[in-house]
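Chain by chain, the residues run as shown.
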Amino acid sequence: MASSQYYEFYRGSSIGMALTDSLDELITNGSITPQLAMKVLMQFDKSLADNLVKLVKTKTTLKGHLHTYRLCDDVWTFIVKNPSFKMEGNDVVTAPKVKIIACKNGDADTGKK
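Residues numbered from 1 in each chain as written. Predicted model: local features only at pLDDT ≥ 70, side-chain atom pairs only at ≥ 80, totals over all residues. Heavy atoms only, no water.

1. Side note on the overall build of the chain
Helix and strand content of the chain: two helices and four strands. Mapped in sequence order, the helices and strands of the chain form the string α-α-β-β-β-β. Scored against the burial criterion, the 113 residues of the chain give a buried share of 15%. (Helix = DSSP H or I, 4+ residues; strand = E, 2+ residues; numbered from the N terminus. Buried < 20%, exposed > 50% of the residue type's maximum accessible area, 1.4 Å probe, protein only.)

2. Section: helix H2 (residues 34-55)
Look at H2: 31 Å from first C-alpha to last across 22 residues, which is about the 32 Å you get at 1.5 Å a residue. Buried residues of H2: Ala 37, Leu 41, Phe 44, Asp 45 and Ala 49, and no others. One side of H2 carries all its buried residues, which in axial view fall inside an arc of 110°. Away from the buried face of H2 by more than 90 degrees, exposed residues Gln 35, Lys 39, Val 53, Lys 54 and Leu 55 are located. (Expected span 1.5 Å × (residues − 1). Arc of directions from axis to C-beta.)

3. Points about a nonpolar patch on the surface
A cluster of nonpolar side chains, Leu 66, Tyr 69, Leu 71 and Trp 76, forms an exposed patch at the surface whose accessible area comes to about 430 Å². When residues of the nonpolar patch are assigned to their parent elements, the largest contribution, three residues, is made by strand S1 (residues 60-72). Its location among the elements puts Tyr 69 in strand S1. (Patch = residues over 30% accessible without salt bridge, like charges linked within 9 Å, V, L, I, M, F, W, Y side chains within 5 Å. Areas by Shrake-Rupley, 256 points an atom, 1.4 Å probe, with all protein chains shown as cover. Salt bridge = Lys/Arg side-chain N within 4 Å of Asp/Glu carboxyl O.)

4. A look at the packing of helix H1 (residues 14-28) against H2
The interhelical angle for the contact between H1 and H2, taken along N-to-C directions, is 165°, at an axis separation of 10 Å. The orientation of H1 relative to H2 falls into the category roughly antiparallel. Crossing angle aside, the handedness with which H1 passes H2 is right-handed. Contacts between H1 and H2 involve Ile 15, Gly 16, Leu 19, Thr 20, Leu 23 and Ile 27 on the former and, on the latter, Pro 34, Ala 37, Val 40, Leu 41 and Phe 44. Grouping the constituent residues of the contact of H1 with H2 by class yields nine nonpolar, two polar and no charged. (Axes fitted to C-alpha atoms, helices over the stretch in contact; angles between N-to-C directions. Parallel < 35°, antiparallel > 145°, perpendicular 65-115°, else oblique. Left-handed = near helix turned anticlockwise from the far one by under 90°. Contact = heavy atoms within 4.5 Å. Nonpolar A, V, L, I, M, F, W, Y, C, P; charged D, E, K, R; others polar.)

5. Topic: the environment of Leu 62
Take Leu 62: it is sitting in strand S1. Between the C-alpha atom of Leu 62 and that of Met 87, which follows or precedes it by 25 residues, the distance is 9.0 Å. With residues up to four places along the chain from it excluded, the contact list for Leu 62 reads Val 80, Pro 83, Ser 84, Phe 85 and Ile 100.

6. Comments concerning the pairing of S1
Side-chain positions along a regular strand alternate between the two faces of the sheet. Examined bridge by bridge, S1 and strand S2 (residues 75-87) share eleven bridges and lie antiparallel to one another. Bridged to Lys 63 within S2 is Ser 84. Linkage of S1 to S2, two consecutive antiparallel strands, is achieved through a turn of two residues, within which Asp 73 is found at a positive phi near 55°. (Pairing = 2+ DSSP bridges.)

This is the structure we're talking about:
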């Protein structure tokens, strides 16, 4: 899969924001070029997505109130209030609200023949 096909939404995570801040500082100091910073961000997108697919295998059950949902450009966004996540080992995690972003895996069938 070409790096341009990876979604960029992990850049909004705390680690993605820290990376972006660090790259901005390096650009400002003249240590790296903006082009190199973009290559680093594209590699970050690819590495994070690939490793999540490869390493996260735990199944969970979600219960909560579906507040909002939308589909745009093959990306689903769900806002769930008072979610309860029950993991395979019967551990339960709760929160006041979660935002779930779901997108098609590059290996997924497009449904077109």
